[in-house]
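Residue strings, one per chain:
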Amino acid sequence: MALVPYEEGAGWGARQLHSPSATYRFASHTIRVKQDWRRLGVAAVVWDAAVVLCAYLEMGGIDLRDQSVIELGAGTGLLGIVATLLGARVTITDRAAALEFLESNVQANLPSELRPRAVVKELTWGEDLGNFPPGAFDFILGADIVYLEETFAELLQTLEHLCSEQTVILLSCRIRYERDHKFLKMLRGRFSVYEVHYDSSKDVHIYKAQRGSRKDDF
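Just so it is clear, the model here is predicted, and its values are computed rather than measured. (Residues numbered from 1 in each chain as written. Predicted model: local features only at pLDDT ≥ 70, side-chain atom pairs only at ≥ 80, totals over all residues. Heavy atoms only, no water.)

Enquirer: How do you make sense of the sheet that holds strand 5 (residues 118–122) when you look at a structure like this?
Expert: Sheet strands pair via backbone hydrogen bonds, and the direction of the pair is either parallel or antiparallel. Pairing is mixed in the open sheet, where seven strands are placed in the order 5-4-3-6-7-9-8. The outermost strands of the open sheet, each flanked by one partner alone, are strand 5 and strand 8 (192–199). When the angles between neighbouring strand axes are averaged without regard to direction, this sheet yields 20°. This element, helix 6 (residues 152–162), spans strand 3 (68–72), strand 6 (139–143) and strand 7 (168–173) of the sheet and lies at about 175° to strand 3. Along the sheet, helix 7 (residues 178–188) makes contact with strand 7, strand 8 and strand 9 (204–210), crossing strand 9 at roughly 20°. (Pairing = 2+ DSSP bridges. Helix = DSSP H or I, 4+ residues; strand = E, 2+ residues; numbered from the N terminus. Axes fitted to C-alpha atoms, helices over the stretch in contact; angles between N-to-C directions. Contact = heavy atoms within 4.5 Å.)

And the structure:
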């Protein structure tokens, strides 16, 4: 799940997180996702990192049409929904407890003709990776999924399994703690990693990672 720290009493941000829904405009569509903080906590609210990565995909010149995409720790599904609307074939994943909620948001926000292009599937990092073909994805997306240090090894194992030499990983996050830097160091030990975008208004970084040493620019 998309796990990030949360503080009660965080003013407007806290009220937004506790709202039963959140509405966005991406890819010429209005997207209204349900949120359920009380039942599912951090996995069931939209975080800034997802919004920033959605905007980057839409405005950054990345052509997702007919690309094979997988989203990790999808939470509400906003990012996977936007990738589908932008033309990708998307596998939207999270842990079992979040799947019913995730599926409902995906079904509610995709036109009927696009729903077959989005598949919601269970994925706990490091487990049952044989259910996912190795190296089969053009893009791997993750928004605010770097938080629990005890999951770092399993997340890296999952990324390595899903990646081919051509796969592009895009991770958006805030850098809050020393452990966040630790994950980036671990990631750089296995992939070539570059910061490709920084949203100063939301303090969100987007990192691109690939196998090898290529510096392809978007």
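Enquirer: Please explain the pattern of salt bridges as it appears in this structure.
Expert: Side-chain pairing between opposite charges can occur once the charged atoms of the two side chains come close. By the definition in use, this model includes five salt bridges. The closest approach of N and O atoms between Arg190 and Glu160, which form a salt bridge, is 2.8 Å. Remark: Glu160 occurs in helix 6 and Arg190 occurs in the loop between helix 7 and strand 8; sequence separation between them is 30 residues. We classify Glu160 as partly exposed; its relative accessible area is 28%. (Salt bridge = Lys/Arg side-chain N within 4 Å of Asp/Glu carboxyl O. Buried < 20%, exposed > 50% of the residue type's maximum accessible area, 1.4 Å probe, protein only.)

Enquirer: What is the right way to look at helix 7 in this model?
Expert: Residues spaced three or four apart along an α-helix face the same direction, because each turn holds 3.6 residues. Every buried residue of helix 7 is listed here: Asp180, Phe183, Leu184 and Leu187. Projected down its long axis, helix 7 carries its buried residues within an arc of 100°, all on one side. Exposed residues pointing more than 90 degrees away from the buried face of helix 7 are listed as Glu178 and Lys185. Elements in contact with the buried residues of helix 7: helix 6, strand 7, strand 8 and strand 9. (Arc of directions from axis to C-beta.)

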